[in-house]
Structure formats: C-alpha cells, structure tokens
Amino acid sequence: MAVQTKDNTMSNTFNNLVFYLNGRKVQECGIDPSMTVATYLREVTFLTGTKVSCGEGGCGACTVMLSRLDPLSKHVSHLCVYACLLPICYIHGMAVTTIEGLGSVQTRLHPIQEHLIRYHGIQCGFCTPGMVMTMYTLLRNNPKPSQEYIERALDGVICRCTGYRPILEGFEDLCSKGEDCCRSVGNRTCLQDDKTTDSSDDMNECTQEFIFPPELLNNTTYHSESVIFTAGQSQWMRPTSLQQLTDWKKDYPMAKLVAGYNDIGLENIERSSSYKTMICLSHVPELNQLSITEEGLTIGAAVSFSKVIDAVRSATIQDEKKRIFDELASTIGGLGGVHTLNTSTFGGHIVTASVNSDLIPLLMVSGCKVNMICPDGVVSSIEFEKFIKVQSVEPLTTTGNVILSIQIPLSCKNTYIQSYRTNTPHRRKTTDSVLSAGMYVKLDPVSKTIQEMKLCFGGMTEIVMLENETIERRGRRWDVSLYRDSIKEFDQYCKETKPPNAEYKLSMMESFFFKFYNMVCKEADIQNGLPNIGQLMIPKRKATSYQTWQDHVQGTVGKPLHHASAKQQSTGEAVFIDDIPPRRDELFLTLVISTRAHAKIVSIDTSRALALEGVVCFVGADDVPDMGECISPMDDEIFATTEVTCVGQIIGGIVATRREISRKASQLVQVNYEDMKQIITIEDAIDEGSFFVPKIELKYGNTEEGLAESEGITNGEVRIGGQEHFYMETQQCIVIPNDGAGTFEILSSTQDPSFVQFMVASRLGIPSHKVIVKATRIGGGFGGKESRCLIPSLACAVAAYRTKRPVRCVLERQDDMRMTGGRHPVLAKYKVGFSLDGRIKALDVDMYMNGGNTNDYSVAVIATAVTNLYHCYDIPALHIQGHACKTNLPSNTAFRGFGTPQAYLVMETIMSKIAVQTGVAVHEVRLKNFMVEDGNKPIDHNVEPNKLRICWETCKQKSDFENRSRRVAEFNSSTRWTKRGLGIIPTRFPIGLALKKLNQASALVNVYLDGSVSVIHGGIEMGQGLHTKITQIASTVLDIPMERVFITNTTTQVVPNQPPTHASVSTDYNGMAVKIACEKIKKRLQPFVDENPMGSWKEWVTTAHENLVSLSATGHYGVEQISYDPVTGKGPATLYCTHGAACSEVEIDCLTGEHQVLRTDIVMDVGRSINPALDIGQIEGAFLQGYGLFVTEELRWSENGELLNCGPGMYNVPRVKHIPREFNVHLLPNSDNPKAVFSSRGIGEPPLFLSSSVFFAIKEAIQAARLEIGLKDDFDLFPPATQENIRMMCGDQVQQYKN
C-alpha cells in the first residue's frame, strides 16, 4: 500500500525491502530495521564468508561492497563498507557484493584472490574476505591505484597474522601487471566472465563481476519514493524531500537521524541506546548536494567525507583560494580509513560538537557557516563557532532543528590555514583525537603584520578558541616575539584550566604552533628568527622489501608452497566455528559478567531477563552438576559462586532461542554487589603480599661477590605493559549433547582440544571418552586459546547439559577483551655490575608479573621468564627472582613468547644502561657479552653460540650497519626536529618444554584403495601453516603428490591425550609423528614396490591390501633429550634454540612524537626450512605483533580494574601503515638441525622479540633529541613507545625559544 504524504510524495508502507545481493534480486518483508547487513548475511542467507570480528567497524573483516545510484548525479558509486554497522534497511534500492560473489573454489578464483594466494598473504584467513573485498572495491573505482591508495584502502582492515607485507605486495603486483578486475571506462562487458547476473538463482554462483542491476538503474521509484519499514517496535523511515523530513521529525521528535550510520553501530555495541524510530537522510536531495562556487564550498549534511575529498581534490580553483580545500582534504583523510570515510558525513560529525574532534577546530578557524532548517521549515544560517557553543548547551535533538549544509569560504590571498592532530589510539571513534588544532592567520602582504588570526584546540576540557584579542595579535608582525607570547598564552591557559594530561597537551599545543609558525614564515618568505630549523616533518616513503633463502628441496619439503587452505580462505569458504549452520533446536548463550573487580555477590535478579520472549533459562553456579567440580586445576570457577574477583568474571549466562534475544536479555540481569578491597597493580600486590606460589628463583655463581668486584654498578627498573591477543576470531564454541549415548560433541576454537575434553568431562562428572572435541581451524590464537577457551566451552557445556539441546556461545570483541586476559605486564628491579669495557660481572633481578585473579599459566610464564632472562649473554653470576602477582584483573595467560619477550626486554634495557654508563656503543656491549662455547650456562638451553654470532654478523652485513650508523649520525647533526635511531638486537628462543609430558605427539595416517591419504594429528591449524607443512612431510615420506594427502579435523576421538599447539614445537612434534607413521606404511609397501618397481602408487596400495597388509598406521614421537631437573638445575631444559638478529632504523618527529620505521633487516636461522614462504610469513607476522607490544599497543585500566580501551577503536593494533618502509628477511643459509624433523627449526615465536630493535632505535633517536637540548642521555623509556611517550621523552623541544 502506498500513502500520500503532506508534500504529495508517495510513501511505500509495504515493508517490502528490495536490494540486489551478488547479482540476485532480494525482497524481504517485515525485516527488523535494527538488523545489520552482517547479521542478515550470516544468519538469514547463511553467506558466512563475511566475518564479524569486532562488531564496531574497526577491523574490516566484515567488509562488503555497496553499490548505489546517486539520484542527483545519476552516477553509480561503489563503496567498501563495514557490514557490521550497516543497517539492513539502508540498502533499499542498492546492490551488495560479498566475498561469495567474487570467486569460488568450485568454479574459479578472482585475480585478487589468486594474487593474495600467490604472494602468501593468507595465514589464519579470518581477515582475508575483508582484505579481498576492500581491494575489489578499490579496483572497481580505480583500476590502476598507486601503492599509497592501496595502503589507504587496506588501513581499514586488520590482519593479526601476516605482517601485511605479502598482502600489500600481492595487490600492488596485480595492479602493476594490468590484470584489472573491473571494467574499463566505457566498456560495459565483463573482463573476467561473460555470464549475466541473472543467469542463476543461486547467490553463491561465482560471476566474477556484477554490473549495477538495470532495474535499480532504470526504476526511479527506488530512489524517488520515500519508504517506511516497520517490524515490532522498530521503524525505519527514508524521506525523499526536505518537507517530508521536517514533517516526520515533528511527528517523531525523538527519532534518530541517520546519515552515515556509524554512530548507530557504535551505540549498539556499547549497548547504550536503542532507537525505536530512525530517519534516514540518504535520499533527501538538499542534504546530499555538494557545490563549489566563487564564494566557497557548500556541503550537504548527508554528504560523505569521501565525496568531499574527491570534490575538493578535483576542483579547478586558483591555488591561493584552494588552500582551505587542500587542508580540508588532508584533515578529513586523516580521520579514518576508506571504510569510515565512505560512511561518515559532515553533518553527523559536527552535530556531536565533540571536544575531541579533529575536524571541528579547522572549521572553527575557517569562517564557515552552518545552515539549519527549523521544524516550521524556515532555513537559518549561523556562524560555525556559535553553532558549536550552542550545540554543546542545547543539542539539535532537543530543538527539532536539522542541519541542512555547511558553507566553507574560499581562502583569500595572504591567508594561511593548517590543522594538526595527535595520532593516538585512545579514542572510541576514528574521527576523535587526544589533541587537535586549527590555525589561521591573514597577513598584510607588505608589512607582514597580522590582520586576523585564530587558533582553535580540541581535546581540552572544551573546544578552545584563541582569537585576535587574547594577546592583542592584530597589527603585530609575524615574528619570534609573537611566537613567544603565544607559547606563554598556552602555558597560562593550561595552568588555569588544568585539562586532563595537561603536560602532554601543553607540549603538543606548543609543537603544533611551532610548526604553524614556521610554515607561515616559509610560505610568506619571512625570516623566522629561530635557528637551525631543518626538516619539520617525516616524509612519506614507498614500501619495498626482499626475502632470501637457500633451496633445500627434498620431495615437496623445502618448497615455498602456499597455505593448504588458502583457496578456501580467499573465497570465504573456509569454515570457522560460527560459520557452522545452526541446528534446528540450537540455543545461544550470552555470558553475564561481573562489573566489579572484587565484591561479594549479594543477589542475582534474572526476572526481567527471563520474562523476555525467547529466553529459555539462566545458567549459573547452581546448574553445575553435583558430581562435577566447579573449580578447575587453574583455579577458575565456571560461574562465580559467592564473590567475584575481577571485572569480566562469569556470573552466569542467558540461554535463548536467538542470538540477539540472548544478548539483549543478558543486559537485563541485575546483580547486586558488596564491594571488597581490590588489588589492581603490581605495586598493590607487593604491598599486600598477594602472590601465586611458588616463587621462582634462579641462582648461578656468586652474585654478591661479582657485584663487589665490579668496576661499575647501576640499578634501575623496567616496566612493560600488557598486550591483548586480538585474534581475529573471538572465543567461541558449540556444544552438542546426544541424549541417547550421553555424549557431548564440542566444536571449539581452541589450541588444546584434549584439555577442553578433560575439563568438560570432569565438570559434568562423565568419562572423557563421552566428550569429543573437534577443531578444523581457528582464526588466530597466539596462546590466548590455550586455556581461556574454557570460558565459553565450560559455560556452554553446562547450558547444554541442563537444556539437553545444542548451545552456541560467541564472545563479542569487547567482552572477549574484558574477560580473557592477555600478556603479563611486568615490573623488574635490577642491579648490575660490569667492567669499564661493558662486560657484565653480576646481575640481580627481581621480576614481578601481574597474573590477574587466577593462576592460569602465570607461574609457568614467570618461570620461563626467569630461566631465560639472561638471553644471549654469558653472565658469570646472577640471581633472578620471579613473582606472579595475584590481582583483581582478568587472569593473564599464555601469549606468543610465553614470558620471554618481557624477560629479554629487561636484559636488553640493562645492556643499554651499561652502554650509557661506560660510553661503549650498545651494539659493542652486546657483542662483548655474547655467549661462548663452554661458557656460563645458568640453564642448559642448548644454545649454539656460533649460530648466534653468525646471525648477528650476517645481520650487520645485510643491513650495512656500520655505514648506516654513520649516516644516522650525519642526519641527526643536520636536522633539529626529526631524529633517527638505529637498533640491532639478537635473539634466541628455546624450543622444547621443561615439563616432560608436553614433549610428545601422535598421528594417524590412513591410505585408501584409490591412493588417497588422510592424516590426522593432534596439532591445530591457526594460520601458522601447520597442516601445510604436515602435508609436505607426508607427501615427501610417501613419495606421492601433495594433492593425494588430506589433513582431516583434529579430534580427540582419533588422536587422544595431545598437548596443546604451542611453544613453536607443533611442526617438530606432530611432523615427526606423521613421519613415523608414514615410514611404517612405506615399509609395509616396500615388498610390493620391489616386486613391481614400475608400478604406480595406487597399484602398490591395492596389492598390499589384497595381501592383508594394513594401510593404516599410527605414529608417536616423544622427546627423550629433555631431562631438566628444576631442583638441581641440571639437564637440558630445551631441545634446541632458534637464533636470529634484526636491525631497524627509525625516524621520529621530536615535536609530535610520531615515528616511521624506515627499514628492518631480519636474519633467522630456521635450519632447513620445510616451507620458506610460511616461515617468512611467521617471521614478519611475529615481528609486527612484537612491534605492537613494544610500540603501539597500550592497555589502559581504570583504578577500579576495568579495561578502558576495548576494541580496535581504542586499542591500537598495528595496521598496514606500520610496516617498515623497507622490510627485508633473510633465512640463514648452510644451517642444519638434526634435532628436528627434516632438519628444520621452530619459528612461530622466536622472531617476536626482534621487533624490540624498533623500540631501541626509537630510544636512540630520542637520545639524540635530548642531547640537542642538553638533557642527559641516561633516561628510561618503557614500552609501549607510543606517540605520547616519545614526545614527552624528547623533552621540552621548544623551551629554548620561549624567552
């Protein structure tokens, strides 16, 4: 039914949503307007190639291409968008392309997918659909993008595995070779496929490219008619005229206006708002117009940032008038990735009047105006500065006014305008910063006196506007005295208002103005009066790389083959836990978690939650079977019983028929607490004596005597922050009960199926053989799914036990970060004695780790840290004590490196300190202290000092260390505001575990009569390429093509009692077990080979079967060489070590704290690599994850133990822009390792610490900056070396110019 509205337009009230999905027309009636496109794709159409990882539009895993017709220009635009934020009703009359629409393993791959595979740009594969769709959209718009454009596009997608380098190179190669994946201009035929879009009703049909549907192009009703979609209490309204908008706004004064929809998604994630009525502005012509005239730029309130950038960059206006345009494009471009800019609008941004906005300060000083329309239809104009002031007091939501457009005047001659921002991660939205600034001045062309000047700062307690009158700037010359007075004004303002983090913000205000002052001096040809200015900004650089390795091919072993599942991952066909279709009677569990760090549970009121339709029950501690224990060996409760000991601890869970019902109901559970004393920090734990036992202690030699005999002694402390795993696939599982057999099948995203099996069986009080745990692949783990996977698994098992129905649990990203812990923060206090030439004589260290509220692996992690702290060095006397602190934070757990990155950083910091104290170059200090054959061995880790030195010297040679050191010194002497540093770091990582039972693996190999082979082993594929290497091993031993070998699901039903996939031993152990099994089969077949040497593999297999020979074999491998006794300290603690070295060069901006990694060279000894491509991928991925630990990733906790920065919007996971501009990896040649399968070496964890070369390079650059202003070079820099930390450690860079 259609109804006529007041302005005589037609409104469709049929609730008939129409759009195209992968070329197929879709019509939905009565769909819920609150549903997102991601939810629709995954739960309605079961197109699960589109992944959901963060749910807040920050990681890019959910990227799809949205194609829409602009009703005004009649131009079809293709946009990459976050499907997890995009409301389903928004796409009415539009077309959506998902990963399923590009290519398929069953048909053909798209060139984008082929290049990603060819360049080994896939590991766990969870981010891959987002990467592919982002690149696909870019190429639909620009067939020949530059590397800069590719990087900008990929900046909206996170990959936690690869290190980005192969992804970037694969896509860049695709573009450079001209293999365009979309139609050239004017050519409407498909370059990859000649199929029509309507040839199949199957939306999974691969058609490679889709034209914009002619129906949407020709049928104007999709764009000219207003629509209303209603379902339940939710309503989506899309007006097509300004009159209709104002009428509807009168009728629904509390309706949410939707232009770019980003805020809606974020509010849903934060569960802070639920709008019954939403009015979409996408089809109101007046709000979507953008025009450039002689007067300036007029931007409709619903115009996206991307459109604004395109318009101002293509505008043909005189340069002097275009200055504001250039700055506007630059500022907007820095607000976020392409995905964000496509769906963020001018009106949506300014209506928030956010004090943290990057854009608002620029608009404040530009002289722009805001045009608004009142409820009565009257249009008014207001100065932007006044609008912001009014909006902060009386928001438009209370007045009924609607922003119509923003008018920005052109720049005048002799005017200068600039904006600045801090690139810091601690923000909810990508468009918010800690401090931003807009600066404007108009000078007299002759006298260079100020005619008008405005300075505006965001990120303070309010938006601060400093104009002419503040220090009587009008009429003054633009000279150093003006600069000094302005700096004094900033200082006075901060003293009076005391904004948060005042010291840092004052330094940034001064730095921003310093840059602006010098920019104006240069542009206006004014002598600035400040000496030795030099380079003020870090220039952009193109990314390059090369990789080298020595061929050691034996069969398929040694070949750089792509990941075994790469094709399925590139097309979205690889199935993860939440991609498994729900069973008919399946339920969903949402966990109810604590909001207190330490408190007694007074009461739990579930009445409101249980009253919600679709809720089945609440499960809690009372539902754990009586015969099952509620506490695990790691002292975690499944559900809290009487008290909670951290924010994020599980209290219970809501079981419901649908995911959204379960999540909504979980928010209705009311828990009353009685707060108790809490312990949050390591210092709190020390004061309270709160530790897990036992304390770990390592003594070697006589430390007291060594210190007494030392020529120099220094002491200090090292602090290292924690780190979030941020695996792309959150913790999730499905538990399926079988009433008849009393068994439970568990599909879990776990690194340790056997542990899940044991824990579920013991908690339910049933034998382990009645619990079957399966895992095909997981979307990243990094240690975080070794024990913390029990959080959803145990809760799900209890829910399934109670309801007798399958139960699924998928943690949302924010809850995952709140609940599961991460890398242990560290406080280490040290005292070291050394000779004047830098040789260590004795070392005493007290190391504390924040373990959180339960033990988990904390004692094991501190033990690993303590026993490895001396790193690569020969230390004659040492005493190291390790304490795992028990606090009221979520339990920290295993993480890639298992305590060694923290321990090694402590050691390398000590090396740096010795270098400063002795005046010996730090790389010389390291070399002087290297381990030697038959040297001191506090613990026997089977280190090979010769290999360590070869890696070190090779790294120096490959990186041209000596010459570049001189060039860095020359650069630093010639520039004042940018400095460089060069850091070179060695590493060795122990392979093998001191706990004997963990050093084993089993496998089952079955050969079928057609010659195909299935292999089942106990390892988990989580992106590291384990299954690929195992396949190579099996095919090589059996001497058959890899295509004949298939790795089936890891399952406890076939390969029981397996240790977790961890510690970089999985290829060693599982590979050896598979090798043993294959050798058994090969031995059984040998008589038939001898009888028929010219026969085929299939013939030998058939003959053997006919002669009653078993074609199935098990293999078991156990390491006997590890015999460490922790009591006596005798015996090898590990099987061998993997060695390496890295050299990194960094450039920092001393005024802002920004940095760029110019070059990194890595040399790793991986023995005879089973797969060089996979090993290099592990090296690069580990390096970038370590870079996050040491440089960008900072966890922030409130004083009440609440994690403040949950999700990618506030937690700074490295992105493509962070990779070294030159990234070179070399696998050490001529290296053997007889202790591992095919003479290889474990590689997953060893490279991670090498990223500290960046950290120490940053420290060296800071040291150069400090020496320039007379500050001491002995200073402490603790990771992460964030922009703020770098800026503050550089000291007050402009102090000398204040007076």
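So, here is what we can say about the structure in this document. (Residues numbered from 1 in each chain as written. Predicted model: local features only at pLDDT ≥ 70, side-chain atom pairs only at ≥ 80, totals over all residues. Heavy atoms only, no water.)

**A word on unusual backbone geometry**
(1) Moving on: Cis rather than trans, the peptide bond between valine 693 and proline 694 has omega equal to 5°.
(2) Moving on: Between proline 1279 and proline 1280 the backbone carries a cis peptide bond, its omega angle lying at 5°.
(3) Moving on: Tracing the chain through its elements places proline 1280 in the loop between α36 (1252–1268) and α37 (1283–1289).
(4) Moving on: Even without a glycine there, the phi angle at phenylalanine 726 is positive, about 45°.
(5) Moving on: The residue phenylalanine 726 is located in the loop between β29 (712–720) and β30 (732–738) in this model.
(6) Moving on: A positive phi angle, close to 55°, is found at aspartate 960, a residue other than glycine. (Helix = DSSP H or I, 4+ residues; strand = E, 2+ residues; numbered from the N terminus.)

**Looking at helix α5 (residues 165–176)**
Side chains of residues three or four places apart in an α-helix project in the same direction, reflecting 3.6 residues per turn.
(1) Moving on: Counted at 1.5 Å a residue, the expected span for α5 with its 12 residues is 16 Å, and the 16 Å between its end C-alpha atoms agrees.
(2) Moving on: The element α5 is extensively covered by neighbouring structure, given that nine of its 12 residues are classed as buried.
(3) Moving on: Every buried residue belonging to α5 is among Arg165, Pro166, Ile167, Leu168, Gly170, Phe171, Asp173, Leu174 and Cys175, and all of these are buried.
(4) Moving on: At its buried positions, α5 is contacted by α2 (111–118), α3 (128–141), α4 (147–154), β21 (544–548), α35 (1172–1192) and β45 (1222–1227). (Expected span 1.5 Å × (residues − 1). Buried < 20%, exposed > 50% of the residue type's maximum accessible area, 1.4 Å probe, protein only. Contact = heavy atoms within 4.5 Å.)

**Observations concerning the pairing of strand β13 (residues 296–300)**
Each regular strand displays side chains that alternate between the two surfaces of the sheet.
(1) Moving on: Of all five residues in β13, four are buried; the element is thus mostly enclosed.
(2) Moving on: Where strand β12 (residues 290–292) lies against β13, three bridges are found, and the strand directions are antiparallel. Looking at β13, one finds that serine 291 is bridged to threonine 298.
(3) Moving on: Taken together, β12 and the strand that follows it, β13, pair antiparallel across an intervening segment of three residues.
(4) Moving on: Both β13 and strand β16 (residues 402–409) contribute to a ladder of five bridges, which runs antiparallel. Residue pairing for β16: glycine 300 is matched across the bridge by serine 405. (Pairing = 2+ DSSP bridges.)

**Structural notes on the environment of lysine 567**
(1) Moving on: Tracing the backbone shows lysine 567 in helix α19 (residues 566–571).
(2) Moving on: Overall, lysine 567 belongs to the partly exposed group, its relative accessible area being 40%.
(3) Moving on: In sequence terms lysine 567 and isoleucine 117 are 450 residues apart; their C-alpha atoms lie 7.1 Å from each other.
(4) Moving on: In contact with lysine 567, other than residues within four places in its own chain, are Val105, Leu109 and Ile117.

**So, helix α15 (residues 384–393)**
(1) Moving on: Among the residues of α15, Phe384, Glu385, Phe387, Ile388 and Gln391 are the ones counted as buried. End-on, the buried residues of α15 take up no more than an arc of 160°, which puts them together on one face. Exposed residues on α15 whose side chains face more than 90 degrees from its buried face are Lys386, Lys389 and Val393. (Arc of directions from axis to C-beta.)

**Observations concerning the pattern of salt bridges**
(1) Moving on: Tallied over the full model, the rule gives 59 salt bridges.
(2) Moving on: Between arginine 476 and aspartate 485 there is a salt bridge, with the nearest N and O atoms lying 2.8 Å from each other.
(3) Moving on: When the shortest N-O distance is used, the salt bridge between arginine 839 and aspartate 837 registers 3.2 Å.
(4) Moving on: Exposure remark for aspartate 837: the relative accessible area of 30% places this residue in the partly exposed category. (Salt bridge = Lys/Arg side-chain N within 4 Å of Asp/Glu carboxyl O.)

**Quick word on the sheet that holds strand β40 (residues 1045–1047)**
(1) Moving on: The mixed open sheet is built from four strands, whose spatial order is β40-β39-β38-β42. Lying at the two open borders of the sheet, with one neighbouring strand each, are β40 and β42 (1112–1118). On average, each strand axis in the sheet is inclined to that of its neighbour by 20°, with strand direction left out of account.
(2) Moving on: Bridge count between strand β38 (residues 1000–1007) and β42: seven bridges; the pairing is antiparallel. Across the sheet, residue alanine 1001 finds its bridge partner in β42, namely tyrosine 1117.
(3) Moving on: Contacting β38, β39 (1013–1017) and β42, helix α33 (residues 1066–1091) crosses the sheet at an angle of about 140° to β42. (Axes fitted to C-alpha atoms, helices over the stretch in contact; angles between N-to-C directions.)

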